[in-house]
Amino acid sequence: MTTTTATPYRSTQVAARDGFLRLLHGEWTKFRTVRGWVVGMVTAALVTVAVGLLGAAGSSISCSGPHGGKCDHSVPKGPGGQQIRDAMTLVHRPLTGDGSITARITSLTGRYPEGGRQPADGDPGATMLPGVQPWAKAGVIVKDGTKQGSAYAAVALTGAHGVRMQDDFTHDVAGMPGGVSAASPRWLRLTRAGDTLTGYDSADGTHWHTIGTARLAGLPDTVQAGLFTTSPEYVVTSNSLGGSSSNGSPSRATAVFDSVGLHGTAGAAWAADVIGGGGPAAPGAADLGYRQAGGTYTLTGSGDVAPEVPGRGSPAKTVENSLIGVFAGLVVVTVVATMFVTGEYRRGLIRTTLTASPRRGRVLAAKAVVIGAVSFLTGLVAAAAAVLAVGAVERSKGFRTYPAPLATDVRVVVGTAALFAVTAVLALALGTVLRRSAGAVTAVVVAIVLPYILAVAAVLPAGPSRWLTRLTPAAAFAVQQSVHRYAQVAADYTPADGYFPLAPWAGLGVLCAYAAAVVATAAVLLRRRDA
C-alpha cells in the first residue's frame, strides 16, 4: 500500500511590506474611495442634528409666562453662578464683625398636600396632611443680606437627615443624626471669624461637636444672622411600565426655637422676611411667617435653600437635550462600520487583504483605527453642530438652559465623539465575528441604542432604566451628562432627566470594555478561520 502525503499549498505571491503605517494608508484609501461609506458618515452627522432639530422645533411645548407672555427666567443664581432655590422664612438681625448665634430647637413639624395636589383656593389647609418632609430645614444662619442667591452658611436640623451644615447652596456636611422632641432637643451654633464660618451641634447645650467650616470669600463686615425654616415641595411620583409621572405642591414646616443668643456687635431689632415665598397670593402663603412669645420663636416656612436640578418640574434644558439625535447617528455609523469589513467578506476580497498582509491582527487594528478616527470626527462635528443649532431653537421657544462650566460642555461634545468612535469599533469587530452586516448591525442597535431609548424615553420605570444604563453598552451615554446629583436635594435622578448611574467616563468605560472583548474575539477568529 502506497501512502501519499499532501504538500500544503503555499502561495507563490510575495507578501508585500505590511508596516502598520502602510496598512493604515491602505485601509484609509479603501474607505475614502467607496462613495457610499463617505456619504454614510456625512449622513450620520446630518441625521444627528436633524433629529435634534425636529424634536425641538416640532414639539408644541414652549415656555410661556402668564397670559401668554414671555417665560419668566428670573431664576436666582448662587455665588458660583449656579441656578438655585432660595426660599425660606427668616428672622434676622445685623451682625457686624465676628460673633456667633446659638439656638435650641424643641420641635420640627410639617404639613404637605394630600396626593401632591395644590391646596384649594380660599382654604389653604383643606388638603394638607401632617408630616415633615425629609429635607425640611430649620436652624441658624449667617447670610450676606436677604437677597436671593446671596452667600450664606447655616446649621440646620432636617426632617429625616439629622443635623447638617450647609453653605452656598451646594455644600453639605452631616452632623448629629436623629430627630428632635421636647425631651430630646438639638442645640445649634454658628460662629463667624472673618470669612470663616464654623458650625456646631449639641444634645445638651454644654458638650459641643464641630460639624465643619465654610469660607465665604468676600463676606462683608455686616451680615444678617438669625433663624430660618423652609420645606421643599412634596412630590408624588407614579411608576409604571409606561414610565413615570410626578405631581407636586409646596409643603410647609414649623420649627420652635428657644434659648436664642446672638453674640457680637448686633444692631437693630429682630426683623422677619418670607424670602422667595411667591407673594401673598401663593398657595398657603398666609401660613408663612413667625411669632414670638417671650423667648420662644415659632417659624413656619416653605421652599428650599439648595441647588436647582432638572427633574423637579423645571422647564429648563440641559446641553445633552440638544443631543437627543445621537442615537440615530449611531445607527448610521454602525451600518457603515459593519460594511467596512463585511463588504470584503461579501465580495471575497478578504483573502486578498490577508494575503497582502499576513499579520491579521494588524489588519484588524488598522481597520479599527481608520473607522474609529473617521467616526470620532463625524461625532465631533455632529455634536458641536447639534448643541449650537438645537440650543438656538430651544431658546427661541422661551426655554432657559442650565449653566454648565465650559469644561463640561467640551467634555459632553468630545465624549459624544468618543461614543461614536467606540461604537464604530465595536460594530467593526462584530462584523468580523459574524461576517454578516444584518446580524452585526442588529446586535449593536439592540445592545446600545435600544436600552438608551427605553431609559431616556421613560418607557420603563426608574429602577430598570438605571440598571440598563449601568450594565449594557448604553452606559456610555453617561458621557453626555452635564448635571449634578446633590445629596441634599430630593429629585428623581433618572436617565430620563439626564442622570445616569455611572460617572461620565466610567459609563464610556463600560462600552470600551465590551468593544475590547469583541475586538479580542474577532482577532482570534480572524487568525483561525479566515484564509
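How each quantity is defined
- Residues numbered from 1 in each chain as written.
- Predicted model: local features only at pLDDT ≥ 70, side-chain atom pairs only at ≥ 80, totals over all residues.
- Heavy atoms only, no water.
- Patch = residues over 30% accessible without salt bridge, like charges linked within 9 Å, V, L, I, M, F, W, Y side chains within 5 Å.
- Areas by Shrake-Rupley, 256 points an atom, 1.4 Å probe, with all protein chains shown as cover.
- Salt bridge = Lys/Arg side-chain N within 4 Å of Asp/Glu carboxyl O.
- Helix = DSSP H or I, 4+ residues; strand = E, 2+ residues; numbered from the N terminus.
- Buried < 20%, exposed > 50% of the residue type's maximum accessible area, 1.4 Å probe, protein only.
- Axes fitted to C-alpha atoms, helices over the stretch in contact; angles between N-to-C directions.
- Parallel < 35°, antiparallel > 145°, perpendicular 65-115°, else oblique.
- Contact = heavy atoms within 4.5 Å.
- Nonpolar A, V, L, I, M, F, W, Y, C, P; charged D, E, K, R; others polar.
- Phe/Tyr/Trp six-rings, centres within 6.5 Å; stacked < 30°, edge-to-face > 60°.
- Pairing = 2+ DSSP bridges.
- Expected span 1.5 Å × (residues − 1).
- Core = buried A, V, L, I, M, F, W, Y, C linked by side-chain atoms within 4.5 Å.
- pLDDT = per-residue confidence, 0-100.
- Polar contact = N/O pair within 3.5 Å; in protein donor to acceptor, adjacent residues only side chain to side chain.
- Left-handed = near helix turned anticlockwise from the far one by under 90°.

A contiguous nonpolar patch, built from Phe 376, Leu 406, Val 410 and Val 414 and spanning about 340 Å² of accessible area, is present on the exposed surface. The greatest single-element share of the nonpolar patch, amounting to three residues, is contributed by helix H6 (residues 406–434). Its location among the elements puts Val 410 in helix H6. Residue class for Val 410 comes out partly exposed when judged on its relative accessible area of 43%.

Axis separation between helix H1 (residues 20–33) and helix H3 (residues 326–347) bottoms out at 12 Å; the angle between their running directions is 105°. Relative to H3, the element H1 is oriented roughly perpendicular. Along its contact with H1, which presents Glu 27, Lys 30 and Phe 31, the element H3 presents Val 336, Phe 340 and Glu 344. Classifying every residue of the contact of H1 with H3 gives three nonpolar, no polar and three charged.

Before going further, it helps to examine the packing of aromatic side chains. Throughout the structure, instances matching the rule amount to nine aromatic pairs. Taken together, a centroid distance of 4.9 Å and an interplanar angle of 75° make the contact between Tyr 152 and Phe 169 edge-to-face. Here Tyr 152 is found in strand S5 (residues 152–158), whereas its partner Phe 169 is found in the loop between strand S6 (163–167) and strand S7 (171–174), with 17 residues between them in sequence. As far as the burial class goes, Tyr 152 and Phe 169 line up, both buried. Taken together, a centroid distance of 4.7 Å and an interplanar angle of 90° make the contact between Tyr 493 and Tyr 499 edge-to-face. For Tyr 493, a relative accessible area of 9% gives the class buried.

Another aspect to go through is the pairing of S7. Both S6 and S7 contribute to a ladder of four bridges, which runs antiparallel. Considered in S7, the bridge of Asp 167 is made with His 171. Here S6 folds back onto S7 in antiparallel fashion, the turn holding three residues, of which Asp 168 has a positive phi close to 45°.

Right, let's get into helix H5 (residues 360–396). Over its 37 residues, H5 extends 53 Å from the first C-alpha to the last, a length consistent with the 54 Å expected when each residue adds 1.5 Å. Among the residues trailing H5, Gly 398 stands out with phi positive, at a value near 95°.

By size, the foremost hydrophobic cluster in this structure holds 53 residues, and its most contacted members are Phe 31, Leu 330, Ile 371, Phe 477 and Leu 511. Secondary-structure elements contributing two or more residues to this core are helix H2 (35–58), H3, H5, H6, helix H7 (437–456) and helix H9 (504–529). For this core, the leading source of residues is H6, giving 14 residues. In contact with Leu 330, other than residues within four places in its own chain, are Leu 419, Phe 420, Thr 423, Ile 448, Val 449 and Phe 477.

So, about the pattern of salt bridges. Under the definition given, this model contains 10 salt bridges. For Glu 308, the salt bridge identified is with Arg 85, shortest N-O distance 3.3 Å. Of the two residues, Glu 308 sits in the loop between strand S18 (305–307) and H3 while Arg 85 sits in strand S1 (residues 84–86), which places them 223 residues apart along the sequence. Because the salt bridges share partners, they merge into one network encompassing Glu 27, Lys 30, Glu 344 and Lys 367.

Attention shifts here to the confidence of the model for the protein chain. Looking at the protein chain, pLDDT values average 85 and 83% of them are 70 or higher. pLDDT under 50 marks residues 13–17. Its contacts with residues more than four places away, or in other chains, come to five contacts. Taken as a whole, residues 279–284 scores under 50 in pLDDT and shows eight contacts with residues more than four places along the chain or in a different chain.

Time to look at the environment of Ala 328. Tracing the backbone shows Ala 328 in helix H3. The class of Ala 328 is buried, set by a relative accessible area of 14%. When the C-alpha positions of Ala 328 and Val 47 are compared, they lie 6.4 Å apart, and in sequence the two are 281 residues distant. If we skip the residues at most four places from it in the chain, Ala 328 touches Val 47 and Val 51.

Bringing the side chain of Ser 150 into the picture now. Secondary-structure assignment places Ser 150 in the loop between strand S4 (137–143) and S5. Only 3.3 Å separates the side chain of Ser 150 from the backbone oxygen of Gly 145, close enough to count as a polar contact.

One non-glycine residue, Ser 259, lies in positive phi territory at about 50°. Along the chain, Ser 259 turns up in strand S14 (residues 252–266). At Arg 435, a residue that is not glycine, the phi angle is positive and equals roughly 60°. Turning to its location among the elements, Arg 435 is positioned in the loop between H6 and H7. You can call Arg 435 partly exposed: its relative accessible area is 30%.

The next subject is the packing of H3 against H5. Here H3 crosses H5 at 155°, and the two axes come no closer than 11 Å. Considering their axes alone, H3 and H5 lie roughly antiparallel with respect to each other. Our pair here, H3 against H5, has a crossing hand that is right-handed. When H3 is examined against H5, the residues Val 333, Ala 337, Phe 340, Val 341 and Glu 344 are found in contact with a partner set consisting of Lys 367, Val 370, Ile 371 and Ser 375. Across the contact of H3 with H5, the residue classes tally to six nonpolar, one polar and two charged.

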